[in-house]
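Analysis of the macromolecular model
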Amino acid sequence: QVQLVESGGGVVQAGGSLRLSCAASGSIFSINTMGWYRQRPGKQREQRELVAVITSGGNTNYADSVKGRFTISRDNAKNTVYLQMNSLKPEDTAVYFCRLTMLNNYWGQGTQVTVSS
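If you're wondering where the values come from, they're calculated on a predicted model, not measured in any experiment.

So, about the overall build of the protein chain. Looking only at helices and strands, the protein chain has zero helices and eleven strands in total. Helices and strands appear in the protein chain in the N-to-C order β-β-β-β-β-β-β-β-β-β-β. Here the protein chain has a C-alpha radius of gyration of 13 Å; the compact-globule value for 117 residues is 13 Å, and the two agree. Over its C-alpha atoms, taken along the principal directions, the protein chain stretches across nearly 40 × 25 × 20 Å. By the burial criterion, 44% of the 117 residues in the protein chain qualify as buried. Considering only intrachain contacts with a sequence separation of at least 6, the fraction spanning at least 24 residues in the protein chain is 53%. Within the structure as shown, the protein chain displays about 6100 Å² of accessible surface, and the carbon and sulfur contribution to it stands at 46%. Charged side chains of the protein chain number 12 positive and 7 negative; the gap between the two group centres comes to 2 Å.

As structure tokens, this is what we get:
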């Protein structure tokens, strides 16, 4: 079984920073994609938005709304992905979910990020 454990969420003022971490354990293929998605207040699971993804080869993709503010990185040896979030805005408030894609998609339990104005 694959498990994803996120950490690093919290409450921060606008303009502040947070760093999220997600550690994967279990049967992990060496070739995979890990990423962060967010679910804004009042939205359903099917409406989760892509924030950023990174392949095991290091290729990245970001949502336009976070480009220049967020940075995704990973440690393949630890099967861990990070999301450094700077210049946070109130509209970044959401539950952030880690996702691991191999043959299937695996999701973490989510971590709350709240940005106050």
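We are not done yet, so read on.
Turning next to the state of the cysteines. For the coordinates displayed, the defined rule picks out one disulfide. Disulfide pairing is shown between Cys-22 and Cys-98; the S-S distance is 2.1 Å. Handedness here is read from the sign of the S-S torsion; for Cys-22 and Cys-98, about -80°, the answer is left-handed. Of this pair, Cys-22 sits in strand E3 (residues 18-25) while Cys-98 sits in strand E9 (residues 94-101), placing them 76 residues apart in sequence. Look at Cys-98 and you get buried, because its relative accessible area is 0%.

With that settled, consider the sheet that holds strand E1 (residues 3-7). Working definition: the strands of a sheet are paired by backbone hydrogen bonds and lie parallel or antiparallel to each other. Strand order in the open sheet formed by four strands is E1-E3-E8-E7, with antiparallel pairing between adjacent strands. Sheet topology places E1 and strand E7 (70-75) at the edges, where each strand pairs with a single neighbour. Averaged over all adjacent pairs, the angle separating strand axes in this sheet is 15°, with direction ignored. Here six bridges tie E3 to strand E8 (residues 80-85), and the two strands are oriented antiparallel to one another. Along E8, the bridge assignment pairs Arg-19 with Gln-84.

Let us look at the side chain of Asn-32. Position of Asn-32 relative to the elements: it lies in the loop between E3 and strand E4 (33-39). By relative accessible area, Asn-32 is classed as buried at 5%. Polar side-chain contacts of Asn-32 include one of 2.7 Å to the side chain of Arg-74. Asn-32 has contacts with Ile-54, Thr-55, Ser-56, Arg-74, Leu-100, Thr-101 and Met-102, leaving out every residue within four places of it along the chain.

This paragraph deals with the pattern of salt bridges. A complete count under the given rule lists five salt bridges for this structure. The salt bridge partner of Arg-38 is Asp-92, with a shortest N-O separation of 3.0 Å. Here Arg-38, found in strand E4, pairs with Asp-92, found in the loop between E8 and E9; they are 54 residues apart in sequence, far enough to count as distant. Comparing Arg-38 with Asp-92 shows no difference in burial state: the two are buried. Each member of the salt-bridge network shares a partner with another, and the members are Arg-38, Arg-40, Glu-49, Arg-69 and Asp-92.

Rules of the game
Residues numbered from 1 in each chain as written. Predicted model: local features only at pLDDT ≥ 70, side-chain atom pairs only at ≥ 80, totals over all residues. Heavy atoms only, no water. Helix = DSSP H or I, 4+ residues; strand = E, 2+ residues; numbered from the N terminus. Rg over C-alpha atoms; globule rule 2.2 N^0.38 Å. Buried < 20%, exposed > 50% of the residue type's maximum accessible area, 1.4 Å probe, protein only. Contact = heavy atoms within 4.5 Å. Areas by Shrake-Rupley, 256 points an atom, 1.4 Å probe, with all protein chains shown as cover. Lys, Arg positive; Asp, Glu negative; His and termini not counted. Charge placed at Lys NZ, Arg CZ, Asp CG, Glu CD. Disulfide = S-S within 2.5 Å. Pairing = 2+ DSSP bridges. Axes fitted to C-alpha atoms, helices over the stretch in contact; angles between N-to-C directions. Polar contact = N/O pair within 3.5 Å; in protein donor to acceptor, adjacent residues only side chain to side chain. Salt bridge = Lys/Arg side-chain N within 4 Å of Asp/Glu carboxyl O.

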